[in-house]
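If you want the building blocks of each chain, they are given just below.
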Amino acid sequence: MTCIIPKCNIAAETIPVAVLIGPGTGSSGEFLAMALKGRNNTIFIGTKTAGYITATKDFEINDAVNILISTCYGKDKKGRVYTGALSPDIHSNDKDSFNDIDHDNKVIIADKWIQAHN
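Residues numbered from 1 in each chain as written. Predicted model: local features only at pLDDT ≥ 70, side-chain atom pairs only at ≥ 80, totals over all residues. Heavy atoms only, no water.

1. Quick look at the overall build of the protein
Phase 1: A tally of helices and strands in the protein yields 2 helices and 6 strands.
Phase 2: In the protein, the succession of helices and strands from N to C terminus is β-α-β-β-β-β-β-α.
Phase 3: In terms of overall size, the protein is more extended than a compact globule, its C-alpha atoms giving a radius of gyration of 18 Å where 118 residues would be expected to give roughly 13 Å.
Phase 4: Looking at the protein residue by residue over its 118 residues, the buried ones come to 25%.
Phase 5: Long-range pairs, those at least 24 residues apart, make up 61% of the contacts in the protein with a sequence separation of at least 6. (Helix = DSSP H or I, 4+ residues; strand = E, 2+ residues; numbered from the N terminus. Rg over C-alpha atoms; globule rule 2.2 N^0.38 Å. Buried < 20%, exposed > 50% of the residue type's maximum accessible area, 1.4 Å probe, protein only. Contact = heavy atoms within 4.5 Å.)

Take a look at the structure:
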């Protein structure tokens, strides 16, 4: 048995958060983004998301056939319903550089924004 003693104190509700989005942000990624929309001290950077913003329900037709139907749209914590792709607050068309993150312009923009809002 062990006991974990936190060595730092983070104000999780107020720390700055930068969310990088783009066409690769779809479905569950968009729902995660929606969960952060409306959060104070949060910015979205990139381009529009994929637009797969519906929740689905599986209906069984018979033993061999099921159908998956979109049954509702997602909404953020303030109650705004999203019926299309999410848009960034800061638009950046720069290419993603996942293997060279120090030169990824969206990451650089996010870092500067976070430093300015700390």
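More follows now that the structure is in view.
2. Looking at the pairing of strand β4 (residues 66-75)
Phase 1: Examined bridge by bridge, strand β3 (residues 54-60) and β4 share 7 bridges and lie antiparallel to one another. Its bridge partner lying in β4, Asp-58 is registered against Leu-68.
Phase 2: Counted between consecutive antiparallel strands, the loop separating β3 from β4 contains 5 residues.
Phase 3: Following β4, the chain reverses through 5 residues before pairing antiparallel with strand β5 (residues 81-82); Gly-79 in that reversal takes a positive phi of roughly 90°. (Pairing = 2+ DSSP bridges.)

3. Some points on the pairing of strand β2 (residues 42-46)
Phase 1: Counting buried positions along β2 gives 5 out of 5 residues, so the element sits mostly inside the fold.
Phase 2: Here β2 shows two buried faces, one formed by Thr-42, Phe-44 and Gly-46 and the other by Ile-43 and Ile-45.
Phase 3: Note: strand β1 (residues 17-21) against β2, 5 bridges, orientation parallel. In the strand pairing of β2, Leu-20 is matched with Ile-45.
Phase 4: Judged from the 2 bridges that link them, β2 and strand β6 (residues 90-91) form a sheet pairing that is parallel. By the bridge assignment, Ile-45 is partnered in β6 with Ile-90.

4. Comments concerning the sheet that holds β4
Phase 1: Sheet architecture is open: 3 strands sit in the order β3-β4-β5, paired in antiparallel fashion. Two strands bound the open sheet, and with one partner strand each, they are β3 and β5.
Phase 2: On the sheet, helix α1 (residues 28-36) packs against β3, β4 and β5 and is oriented at approximately 20° with respect to β4. (Axes fitted to C-alpha atoms, helices over the stretch in contact; angles between N-to-C directions.)

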